[in-house]
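# Architecture and fold: a report
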Amino acid sequence: SFDPRLLADYKFDRATYQQRLEEILQACVLEGMADWQIALSIHDYLIVHTRYDESLRKTNGYELLTEGMTVCAGYTEVYRELMNMAGIPCKSVVSEKMNHTWNLVQIGGKWYHVDLTWDDPTPDCYGRVWHSNFLLTDLEIASGRDAHYGWETDIKCTDTTYSTAFWRSIENPILFTDPDTCYLIRADKLSNAVYKRSVATGKETRIYKEKSEFINIGKGSYRYLHQGLSLWNGRLWVGTMTKVLSMDLSGADVRTEFTYAAKKNKRYIGGFYVYNDQLHYLVRTHGGDELTAIEDLESSGYHVHKYTQTVVEPKCGEAGYTTSECSCGIRCQSTP
């Protein structure tokens, strides 16, 4: 449900609004990222951490940033604000015939459609992100299952650079650890697998394969219904139907961080994400019932790295750098 006035005509705390935008940019944007990477990172972050308000009561970007829910007007506004803050031209586009709004984004001098609302599953599923409405041409967004129509703009989106992009088939967030490296989940025969992808070469290396796991509930068995991939505390977090695991970036050190006795009580973990030192997870039953819960990771005994930074200023002929050290002994140094 969309009223064009909602894009600007509402009262809000500007300081809180701006602070939240800056926090998201800090979480999503790495130095050296290409514009398409920034657009993808922000797209996935917003979808993971927010949900569509099916009651249609939350209608703007401020409510999206402070309460975690909104309708299309809020998604469109916040994405536009973040992209423009990152230096990437982004506009809102409206279709009165659809009673809907979404974004146009300029990457490399070319314009593309991005619709976060339709890439965020409804009802909400923790950890699930669709990419079927990300960087599309006019023709692509006007066709297929999610066909858009009736929008009003003089901007033409005709470039097909991203029409076969690797993210089109991904239904989990794509996480960047540096401009050339991202992590993603693909279905690997009867189970999900985590892959490390080189942006420069397009080569994907499987670093973890989940054991073939499915749960018989009633008369059906279920695979691939669990979602989620998070990067927290220097480790990748990935969910199965009964557990949430963490692993180092090579996939060599895998730990079980949380277990839910799904087989015993005919429930399973449907999705998760990690945010603010908390594990947010969704539990499902065969009958379609859902419940959400939060596990505080720090109080449950998981060590949260808290770094003390030491800045070494540059000298004649020597670059400066910053050293970050945790009380546990983990130490890392920034690249000069």
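This structure is a prediction, so every number in the text was calculated from the model and none was measured.

Conventions adopted
Residues numbered from 1 in each chain as written. Predicted model: local features only at pLDDT ≥ 70, side-chain atom pairs only at ≥ 80, totals over all residues. Heavy atoms only, no water. Helix = DSSP H or I, 4+ residues; strand = E, 2+ residues; numbered from the N terminus. Contact = heavy atoms within 4.5 Å. Expected span 1.5 Å × (residues − 1). Buried < 20%, exposed > 50% of the residue type's maximum accessible area, 1.4 Å probe, protein only. Pairing = 2+ DSSP bridges. Axes fitted to C-alpha atoms, helices over the stretch in contact; angles between N-to-C directions.

Along the chain, the position of D35 falls in helix α2 (residues 35–49). Between the C-alpha atom of D35 and that of V105, which follows or precedes it by 70 residues, the distance is 9.9 Å. Sequence-distant contacts of D35, that is, excluding residues within four places in its chain, are made with I88 and I107.

Bringing α2 into the picture now. Here α2 is 15 residues long and its end C-alpha atoms lie 21 Å apart, about the 21 Å a rise of 1.5 Å per residue gives. Counting buried positions over the 15 residues of α2 gives 14, a clear majority of the element.

Strand order in the open sheet made by the four strands is β13-β14-β15-β16, with antiparallel pairing throughout. Each edge of the open sheet is held by one strand with a lone partner, namely β13 (229–232) and β16 (254–259). Looking at each pair of strands side by side, their axes are set apart by 25° on average, direction ignored. With four bridges connecting them, strand β14 (residues 235–239) and strand β15 (residues 243–247) associate as antiparallel partners. Considered in β15, the bridge of L236 is made with M247.

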